[in-house]
Amino acid sequence: MRRPVIAGNWKMFKTQEETRIFFQAFKPAVVSVKHCDVIVAPPFTAIVAAVEAARGSAIGISGQNLHWEREGPFTGEISAPMLVEAGCRAVIIGHSERRQYFGEADDSVNRKLRAALAAELMPIVCIGETLAEREGNQTQMVLRRQFEGAFASLTPQDFSRILIAYEPVWAIGTGRTATPEIAAETHRHIRHLAAVQFSLDLAAEVRILYGGSVKPDNIRGLMFQPDIDGALVGGASLDPKSFAAIVNYQD
């Protein structure tokens with residue numbers, strides 16, 4: 001059985017004080033959750049505040065990005081050891097906004113993934129197509145290219161330590177959500193890619209999250225699909241009541 005994961009990506013929102021206020025409401029609302037893992041990815045400046053606020057709970061804290069080097073003259077960057085020291089357990093890699101706005105390419109995703117694994121961080125690796133690519137019937141080709149590039153030369157043991165997030169770019173922050181059936185079909189294709197590149201066993205074990213305008217009113221339909229193992233939540237994770245409702249989707 002693949003244990004579900006609900007992860008919240010705050011992007012460039014929330015100060016340290018706003019982070020503390022969020023957890024004051026969110027933490028007690030999910031204290032009894034046993035059915036899934038819960039992860040919150042605050043901005044870098046709020047990581048320590050989030051770690052402190054989440055202490056005593058099972059909520060894991062994640063970084064939103066990292067550099068592939070341990071240290072060096074890379075102004076504005078942050079390394080995997082820095083994230084670990086701050087208290088992170090995971091890190092998001094290759095988010096569509098990083099690809100779209102900051103030129104993130106498949107080879108850099110691969111290098112960042114390796115750095116995360118070396119530091120014992122759990123990578124949440126994002127892949128997904130644009131609206132033009134989906135309408136042009138290029139979804140499977142794009143996902144294959146991103147999958148093969150991100151996971152190039154990984155060992156089966158390495159691959160067993162990652163999470164994948166399928167993020168249709170056309171559904172992120174747009175209010176549009178892939179129907180559960182469309183999302184499930186694409187998740188099955190990603191699992192097929194894992195079977196081809198690694199093995200059927202690893203394909204069956206890898207956890208694949210859906211990301212794209214996930215909200216309290218659509219999470220249950222998505223989680224009902226057997227190939228969807230959780231969600232990477234954007235805007236709806238900023239409100240403690242909304243995010244708690246998503247986490248508590250079984251209620």
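Everything below is about the structure printed above this text.
Nothing here was measured: the structure is a model prediction, and the numbers come from that model.

**Topic: the overall build of the protein**
- Along the backbone of the protein there are 12 helices and 8 strands.
- Computed over the C-alpha atoms, the radius of gyration of the protein is 17 Å, within 12% of the 18 Å expected from 2.2 N^0.38 for a compact globule of 251 residues.
- Taking the principal axes of the C-alpha coordinates as reference, the protein spans close to 45 × 45 × 35 Å.
- Residues classed as buried in the protein amount to 54% of the 251 residues present.
- Put simply, of all contacts in the protein between residues at least 6 apart along the chain, 73% involve residues at least 24 apart.
- A total accessible area of about 11700 Å² is found for the protein, and carbon and sulfur atoms account for 53% of it.
- Side-chain charges in the protein split into 26 positive and 28 negative, and the spacing between the mean points of these groups amounts to 3 Å.

**Quick word on the packing of aromatic side chains**
- Inspection of the entire model under this criterion finds 11 aromatic pairs.
- Pairing Phe151 with Phe159 gives two aromatic rings, centres 5.4 Å apart and planes at 85°, and the pair type is edge-to-face.
- Judged by relative accessible area, which is 1%, Phe151 ranks as buried.
- It is Lys14 that lies over the ring of Trp10; its NZ or CZ is 5.4 Å from the centre.

**Details of helix 1 (residues 16-29)**
- An ideal rise of 1.5 Å per residue puts 20 Å on 14 residues; helix 1 measures up with 20 Å between its terminal C-alpha atoms.
- Along its length, helix 1 reaches its greatest deviation from straightness, about 30°, at Phe23.
- All of the buried residues in helix 1 are Thr19, Phe22, Phe23 and Phe26.
- Buried positions along helix 1 lie against strand 2 (37-41), helix 2 (47-54), strand 3 (60-63) and helix 12 (240-247).

What counts, and at which threshold
Residues numbered from 1 in each chain as written. Predicted model: local features only at pLDDT ≥ 70, side-chain atom pairs only at ≥ 80, totals over all residues. Heavy atoms only, no water. Helix = DSSP H or I, 4+ residues; strand = E, 2+ residues; numbered from the N terminus. Rg over C-alpha atoms; globule rule 2.2 N^0.38 Å. Buried < 20%, exposed > 50% of the residue type's maximum accessible area, 1.4 Å probe, protein only. Contact = heavy atoms within 4.5 Å. Areas by Shrake-Rupley, 256 points an atom, 1.4 Å probe, with all protein chains shown as cover. Lys, Arg positive; Asp, Glu negative; His and termini not counted. Charge placed at Lys NZ, Arg CZ, Asp CG, Glu CD. Phe/Tyr/Trp six-rings, centres within 6.5 Å; stacked < 30°, edge-to-face > 60°. Lys NZ or Arg CZ within 6 Å of the ring centre and 35° of its normal. Expected span 1.5 Å × (residues − 1). Bend = angle between axes of the 7 residues up to and from the residue.

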